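# Descriptive structure summary
For reference, the chains in residue letters:
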Amino acid sequence: DEDDDRAAIEADLERRLPAFRGVAWWAAGMAQLAELVQETDDADSLVRARDLALQGAAAYPESIGGRRCAHLAAAIAAPDYSLESMTADGAGRRSLLVTHKNLTSLSFRAYETDLARRVETARDYNLLPNADELRALTRSKQPVASWKVDVPATPDYRSHRTFVTPPVTKAGFYVIVASPRADFKGVDSRGLAAVLNVTDLVLV
């Protein structure tokens, strides 16, 4: 678990692996090396780890090590994102925070919701809609605003943060839904949403 020990193992693997390039189990060694590199704090560690994993996957794709390498490379390059919001904020503010990687853009929809009714009818004491409610919301209700945001590229495969200003000016309670797809297909499974109360009563 110590950094020095892991660095020693990583260096030893780098020295030993070239001699076994002709053996299928070499790909398992590349997978192990890629995992060690991935866990370091170096700025380019994920880039290096993915490159090592791709080498192992390409050389012996049907081997155990090759499949392990392919899985690791795909996981590093997989798109991911999360959405957070201010509980209450003024109109025209950067109220949303998107944490993202391996994406080019995100689409958003804002649905106005009756806050009082939400509080009265909620069964789980949660202002966020559950999966079933979110599914019904995106399928049956017309959003009051829809917009798209291009996010910066993440060539290091690490998560980066982008602040988003919702184009909502009317005071009210909104459910904000995000999706990497403009048609919002697949939003049912992700259920990625946040709530925002647009108000002129804000604590600073």
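Here, the structure is the one placed above.
Below or above, wherever it landed, is the structure these notes cover.

### Describing a negative patch on the surface
On the surface, Asp1, Glu2, Asp3, Asp4, Asp5 and Asp41 cluster together to form a negatively charged patch. Of note, Asp3 is situated in helix 1 (residues 3-16). Asp3 gets classed as exposed once you look at its relative accessible area, which sits at 62%.

### So, the packing of helix 1 against helix 2 (residues 26-38)
Orientation of helix 1 relative to helix 2, taken along the N-to-C sense of each, is 145°, at an axis distance of 10 Å. You can see that helix 1 and helix 2 cross each other, and the crossing is left-handed. Judged by residue contacts, Arg6, Ile9, Glu10, Leu13 and Glu14 of helix 1 engage Gly29, Gln32, Leu33, Leu36 and Val37 from helix 2. Its residues assigned to classes, the contact of helix 1 with helix 2 shows five nonpolar, two polar and three charged.

### Here we look at the environment of Glu84
Examined against the element boundaries, Glu84 turns out to sit in strand 1 (residues 80-85). Not counting residues within four places of it along the chain, the set of residues in contact with Glu84 comprises Ser95, Leu96, Leu97 and Thr99.

### A word on the pairing of strand 7 (residues 172-179)
For strand 7, the buried fraction is high: eight of the eight residues fall into the buried class. Residues of strand 7 alternate between two faces, with Gly172, Tyr174, Ile176 and Ala178 on one and Phe173, Val175, Val177 and Ser179 on the opposite face, all of them buried. Alignment of strand 4 (residues 105-113) against strand 7, held across seven bridges, turns out to be antiparallel. Considered in strand 7, the bridge of Tyr111 is made with Val175. Here strand 7 runs beside strand 8 (residues 193-198); their pairing, made up of six bridges, is antiparallel. Directly across from Phe173, in strand 8, lies its bridge partner Asn197.

Definitions and cut-offs
- Residues numbered from 1 in each chain as written.
- Predicted model: local features only at pLDDT ≥ 70, side-chain atom pairs only at ≥ 80, totals over all residues.
- Heavy atoms only, no water.
- Patch = residues over 30% accessible without salt bridge, like charges linked within 9 Å, V, L, I, M, F, W, Y side chains within 5 Å.
- Areas by Shrake-Rupley, 256 points an atom, 1.4 Å probe, with all protein chains shown as cover.
- Salt bridge = Lys/Arg side-chain N within 4 Å of Asp/Glu carboxyl O.
- Lys, Arg positive; Asp, Glu negative; His and termini not counted.
- Charge placed at Lys NZ, Arg CZ, Asp CG, Glu CD.
- Helix = DSSP H or I, 4+ residues; strand = E, 2+ residues; numbered from the N terminus.
- Buried < 20%, exposed > 50% of the residue type's maximum accessible area, 1.4 Å probe, protein only.
- Axes fitted to C-alpha atoms, helices over the stretch in contact; angles between N-to-C directions.
- Left-handed = near helix turned anticlockwise from the far one by under 90°.
- Contact = heavy atoms within 4.5 Å.
- Nonpolar A, V, L, I, M, F, W, Y, C, P; charged D, E, K, R; others polar.
- Pairing = 2+ DSSP bridges.

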